Amino acid sequence: MAVKILVNGEVITAFLEGELDHHTAAIMRKEIDSAIDKYMPSLLIMDFKDISFMDSSGIGLVMGRYKLLSKNGAELHITNTTPQIYKVMRLAGMERLAKIDKGVN
């Protein structure tokens, strides 16, 4: 499984797993979007702790979820990024769209 979804009130946490590339991003997107449509959260947390590899598809995944959430005034947080993923997120300007927490060394 590429993503595990946890719902707690108006908060959805998506625990991403494995490689985040063009093959897996579509699967993750479908599962996360389904949860957003069903639960209409005020906050989506994307947990990157168990991501072993990420290409530009990861940036696309984050940007798409931001656009979907912002239509309803919801927020996006990105947590537990490795130093490499954190750097890529910052270089891509993701901190303007979401709160990014560096958590995994």
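Further up the page is the structure itself.
Scope of this entry: the structure provided in the associated data block.

Examining the pattern of salt bridges
Phase 1: A complete count under the given rule lists 2 salt bridges for this structure.
Phase 2: The salt bridge partner of lysine 4 is glutamate 17, with a shortest N-O separation of 3.4 Å. Highlighted residues: lysine 4 in strand S1 (residues 3-8) and glutamate 17 in strand S2 (residues 11-20), separated in sequence by 13 residues.
Phase 3: Judged by its relative accessible area of 44%, lysine 4 is partly exposed.

Focus on the environment of phenylalanine 48
Phase 1: Tracing the sequence through the fold places phenylalanine 48 in strand S3 (residues 43-54).
Phase 2: Taking C-alpha positions, phenylalanine 48 is 7.4 Å from glutamate 17, a pair spaced 31 residues apart along the chain.
Phase 3: When sequence neighbours within four positions are dropped, the list of residues in contact with phenylalanine 48 reads Leu16, Leu20, Met54, Val62, Ile78, Thr79, Asn80, Thr81, Ile85 and Met89.

Let's talk about the sheet that holds strand S5 (residues 99-102)
Phase 1: Read across the sheet, 5 strands follow the order S1-S2-S3-S4-S5 without closing on themselves; strand pairing throughout is mixed. On the outer flanks of this sheet lie S1 and S5, each paired with one strand and no other. Strand-to-strand, the axes of this sheet are offset by a mean angle of 15 degrees, without reference to chain direction.
Phase 2: Note: S2 against S3, 9 bridges, orientation parallel. Looking at the pairing, valine 11 lines up with leucine 43 of S3.

Some details on helix H1 (residues 22-39)
Phase 1: Relative to the 26 Å expected for 18 residues at 1.5 Å per residue, H1 spans 26 Å between its end C-alpha atoms, a close match to the ideal helical length.
Phase 2: Within the span of H1, buried status applies to Thr24, Ala25, Met28, Ile32, Asp33, Ala35 and Ile36. Down the axis of H1, the buried side of the element spans an arc of 160 degrees, and every buried residue falls inside it. Turned more than 90 degrees off the buried face of H1, the exposed positions are His23, Lys30, Asp37 and Lys38.

So, how was this worked out
- Residues numbered from 1 in each chain as written.
- Predicted model: local features only at pLDDT ≥ 70, side-chain atom pairs only at ≥ 80, totals over all residues.
- Heavy atoms only, no water.
- Salt bridge = Lys/Arg side-chain N within 4 Å of Asp/Glu carboxyl O.
- Helix = DSSP H or I, 4+ residues; strand = E, 2+ residues; numbered from the N terminus.
- Buried < 20%, exposed > 50% of the residue type's maximum accessible area, 1.4 Å probe, protein only.
- Contact = heavy atoms within 4.5 Å.
- Pairing = 2+ DSSP bridges.
- Axes fitted to C-alpha atoms, helices over the stretch in contact; angles between N-to-C directions.
- Expected span 1.5 Å × (residues − 1).
- Arc of directions from axis to C-beta.

Everything listed here is a matter of coordinates, which is why it stays silent on function.
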